[in-house]
Amino acid sequence: MIHAASRTIDTKPYSDQRPGTSGLRKKTRIFLQPNYIENFVQSVFDTLRETGIQDFSREMLVLGGDGRFYNRAAIQIILKIAAGNGFEQILVGRGGLVSTPAMSAIIRRRSALGGILLTASHNPGGIEADFGIKYNIQNGGPAPESFTERIFAKSREINRFYSLDFPDIDIDREGSVSVGGSQISVINPLEDYISVMSRIFDFNNMSELFQRGFRLVFDAMHGITGIYAREIIEKKLGASPGTVIRGNALVDFGGLHPDPNQVHAANLVRMMSSSSAPDMGAACDGDGDRNMILGRNLFVSPGDSLAIIAQHASECIPGYGAGLAGVARSMPTSTAIDRVAAESGTPCYETPTGWKFFGNLMDDGRCTICGEESFGTGSDHIREKDGVWAVLSWLAILAARRRSIEELVKGHWQAYGRSYFQRHDYEGLESRAANEVIDELRAKLSSLPGSVLAGGKIIAADDFQYTDPVDGSVSSQQGIRIILNDGSRIIGRLSGTGTVGATLRMYYERVLNRGDEPIQKMLKPLIESSCEYFQIRSRLNREQPTVIT
Ligand code: VG1
Ligand code: CO
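It should be emphasised that the depicted structure is a prediction, and the values quoted were computed from it without experimental measurement.

Asker: Please clarify how the overall build of the protein should be interpreted in this entry.
Answerer: Helix and strand counts for the protein stand at 16 helices and 27 strands. In terms of C-alpha radius of gyration, the protein reaches 23 Å, essentially the compact-globule figure of 24 Å for 549 residues. Pairs at least 24 apart in sequence give 72% of the contacts found in the protein among residues at least 6 apart. Accessible surface, the protein as shown: approximately 20400 Å² in total, 46% of it carbon and sulfur.

Asker: Sorry if this is basic, but what is going on with the nonpolar core here?
Answerer: Side chains of nonpolar character tend, in soluble globular proteins, to be buried together. The biggest cluster of nonpolar side chains holds 75 residues, and the ones touching the most others in it are Met-280, Trp-394 and Leu-395. It is helix H13 (residues 387-401) that contributes the most residues to this core, 11 residues altogether. Two domains each provide a minimum of three residues to this core, namely domain 1 (6-189) and domain 2 (193-416). Apart from the residues lying within four places of it in its own chain, the contact partners of Met-280 are Phe-214, Arg-215, Leu-216, Val-217, Met-272, Ile-293, Leu-294, Val-391, Trp-394, Leu-395, Leu-398 and Ile-405. Phe-45, Ile-81, Ile-90 and Ile-171 belong to the second-largest nonpolar core, a separate cluster that totals 41 residues.

Asker: Got a minute to help me understand the coordination of the cobalt ion (ligand 2) in this structure?
Answerer: By definition of the ideal shapes, four donors in a tetrahedron about a metal sit 109.5 degrees apart, and six donors in an octahedron sit 90 or 180 degrees apart. Bound to the cobalt ion (ligand 2) are the protein donor atoms Ser-121 (OG), Asp-285 (OD), Asp-287 (OD) and Asp-289 (OD), situated 1.9 to 2.1 Å from the metal. Along the chain, the residues donating to the cobalt ion (ligand 2) are arranged with the sequence spacing S-x163-D-x1-D-x1-D. Owing to a relative accessible area of 0%, Asp-285 belongs among the buried residues under this scheme. Looking at Asp-289, the relative accessible area reads 3%, which means it is buried.

Asker: Sorry, what's going on with the site of ligand 1 here?
Answerer: Within the structure, ligand 1 sits among 20 residues, and Thr-21, Ser-121, Ser-374, Thr-497 and Arg-505 are positioned closest to it. Note that an oxygen atom of ligand 1 is positioned 2.8 Å from one of the side-chain N or O atoms of Arg-290. In terms of residue class, the shell around ligand 1 is made up of no nonpolar, 10 polar and 10 charged.

Asker: I would appreciate a short explanation of helix H6 (residues 191-200) in the present structure.
Answerer: Among the 10 residues that make up H6, 7 are buried, leaving the element largely enclosed by the rest of the structure. All buried positions along H6 are accounted for by Asp-192, Tyr-193, Ile-194, Ser-195, Val-196, Met-197 and Ile-200. Looking at the buried side of H6, the elements it contacts are helix H4 (100-109), helix H7 (203-211), helix H8 (225-236) and H13.

Asker: How do you make sense of empty space enclosed by the protein when you look at a structure like this?
Answerer: One water molecule sets the probe size; rolling that probe over the atoms shows where empty space is left. Tallied over the full model, the rule gives 3 cavities of 30 Å³ or more. One number sums up the size of the largest cavity: a volume of about 230 Å³. Lining the largest cavity are 25 residues; nearest its centre among them are Thr-21, Arg-290, Thr-353, Lys-385 and Thr-497. If you add up the space inside the second largest cavity, you get close to 80 Å³. Residue lining of the second largest cavity: 15 residues in total, with Pro-19, Gly-23, Lys-134, Tyr-135 and Thr-148 positioned closest to the centre. Every element with two or more residues in the lining of the second largest cavity is listed here: strand E6 (130-136) and helix H5 (145-155). Of the residues forming the lining of the second largest cavity, the biggest block, 3 residues, is contributed by E6. Grouping the constituent residues of the lining of the second largest cavity by class yields 8 nonpolar, 5 polar and 2 charged.

Asker: Looking at this structure, how should I read the packing of helix H10 (residues 302-316) against helix H11 (residues 336-344)?
Answerer: Helix packing geometry: the angle between the two helix axes and the distance between the axes. Two elements in contact, H10 and H11, have axes separated by 7 Å at closest approach and are oriented at 20°. Judged on the interaxial angle alone, H11 and H10 are roughly parallel. For the pair H10 and H11, the sense of crossing is right-handed. Within the contact between the two elements, H10 uses Gly-303, Asp-304, Leu-306, Ala-307, Ala-310 and Gln-311 and H11 uses Ala-336, Ile-337 and Val-340. In terms of residue class, the contact of H10 with H11 is built from 6 nonpolar, 2 polar and 1 charged.

Asker: Before we go on, may I ask you to explain the domain arrangement of the protein in this structure?
Answerer: Parsing the protein into structural domains produces domain 1 (6-189), domain 2 (193-416) and domain 3 (419-548). For domain 2 and domain 3, the distance between their C-alpha centroids amounts to 26 Å. If you look at the interface, domain 2 gives 26 residues, while domain 3 gives 23 residues. Both sides of the domain 2 and domain 3 interface together cover about 2000 Å² of buried area, and 56% of this is carbon and sulfur.

Asker: What is the right way to read the packing of aromatic side chains from this model?
Answerer: Per the counting criterion, the structure on display carries 14 aromatic pairs. Relative to Phe-87, the ring of Phe-56 has its centre 4.4 Å away and its plane inclined at 15°; by these criteria the two rings are stacked. Remark: Phe-87 occurs in the loop between helix H3 (71-84) and strand E4 (89-97) and Phe-56 occurs in the loop between helix H2 (36-50) and strand E3 (60-65); sequence separation between them is 31 residues. Under the relative-accessibility criterion, Phe-56 is labelled buried at 0%. Members of the aromatic cluster, connected to one another through ring pairs, are Tyr-14, Phe-31, Tyr-36, Tyr-70 and Phe-131.

Reading the values: the criteria
Residues numbered from 1 in each chain as written. Chains lettered and ligands numbered in written order. Predicted model: local features only at pLDDT ≥ 70, side-chain atom pairs only at ≥ 80, totals over all residues. Heavy atoms only, no water. Helix = DSSP H or I, 4+ residues; strand = E, 2+ residues; numbered from the N terminus. Rg over C-alpha atoms; globule rule 2.2 N^0.38 Å. Contact = heavy atoms within 4.5 Å. Areas by Shrake-Rupley, 256 points an atom, 1.4 Å probe, with all protein chains shown as cover. Core = buried A, V, L, I, M, F, W, Y, C linked by side-chain atoms within 4.5 Å. Buried < 20%, exposed > 50% of the residue type's maximum accessible area, 1.4 Å probe, protein only. Domains from an automatic or database assignment. Donors = N, O, S within 2.8 Å, 3.2 Å for Na, K, Ca; no water. Near = heavy atom within 4 Å. Polar contact = N/O pair within 3.5 Å; in protein donor to acceptor, adjacent residues only side chain to side chain. Nonpolar A, V, L, I, M, F, W, Y, C, P; charged D, E, K, R; others polar. 1 Å grid on protein atoms, 1.4 Å probe; cavity = no way out; pocket = protein on both sides within 12 Å on 5 of 7 lines; lining within 4 Å. Points joined across faces, edges and corners; volume = space filled by probe spheres on them. Axes fitted to C-alpha atoms, helices over the stretch in contact; angles between N-to-C directions. Parallel < 35°, antiparallel > 145°, perpendicular 65-115°, else oblique. Left-handed = near helix turned anticlockwise from the far one by under 90°. Buried area = accessible area lost by both parts, 1.4 Å probe. Phe/Tyr/Trp six-rings, centres within 6.5 Å; stacked < 30°, edge-to-face > 60°.

Shown next as structure tokens:
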């Protein structure tokens, strides 16, 4: 029911509010257009009504974001629309801040109907940069495609939204106020998350690591994880003050991409290769769901990190003491975790790119730990990937095994072989050309098996299609894959999170028993031969990728 005092305000639809891999992500100025946020949020609520929740008067909605430019203003707008739509309770993180994993924890712990996250994740922030909105459902995870497509359909025909008038809420002080039929509560954005972490990890055990002199540098990249990492890693685990660097959340992330990879966290990479390097380096993205792990002079590839966490979790992390029901990875992610799973007879699932595809597997009890090559790692403790969790997982493993990161990584390669893996991104491509290249290649795929490529033979070539084993839903065109007879894979897909033109992501993997080969040398033949298939020079006019991770 709409609150009696709320106003019905006329609006006109926008045609571009289709959520991508992870919510609606656009240039900030697009979000600043009249009623742009209002329309989208009302479309979410209209979709909820259509899917059976007619009445919000007994429902709770959670609201927060990563603190980027426009976060605070958008919160005030959404509060009025949520109250206008009659939610009984609306929770807002203090300062308008909630990390993406914490949002998932709050929704689950408090049995909320859902949550609205204001973030463009690892994309830069600021008036000339990016903003985003994402809706998370009752299980704490991103809304599935069936839901986001309905939001999009609603957004194309919307002609009114509901809003309740009241002065802006003071979001910097915890406490509750009543407006209309709604109670708005400003909550501590750390509490639920820390409670979930403390049930998985043994903080006392882990603090011994730091007592033994272990040194960590945690780069929050001026995103939201600063507040979480300071509280957990410095205060609870006793890491020395200053362990967390760039810990204050800035609206423009200090002008940088808050994206934890070797390119955008280059300072941290440099620190880790100096003679006085600490034992471990870690970084998280703007909204706190991505992570990068570094040892001394050693970058841990996300696929390896996922596999190593899965390999040691049941023995080193109390929350997984009962073992893993299953593991999952997105299709382009390296197959390192498959080998760990195979050895222990653990089921391993391959899903399309995007965290939303893990949700059903976890809800159904089929998957405990999962991850993506894009620096996303997580488990069924929540329904989002979780950067701080990944760092804590590594700390717990290091504390229990008493080995260095290098020893753990090399030990993994020795036991399971090594996935030499790289992703090459070609950003800002002309959308039409990029789509045409993919369409043309797709049409040719069935003729490829049998051809020679990079000294191997193509044994399979397809456009990945996924049938969700839980609800049977089918997602097609999820990425072109070309598989060789030695297990090497070349994968290409267009990004669903970019905000300018098209981004082509190329993924290369080659598996060998030896772990000590230079990665460039190992992947060069795959990279060169795929350039032709994807017409990277001839049609896309690129000599080099924009970013290599
Ligand atoms: C990218 C990554 C994907 C990740 C998504 C959201 O999507 O490839 O693995 O789930 O970003 O991550 P795409 O469609 O651009 O390739 V986050 O941290 O930005 O919410
Ligand atoms: Co993110």
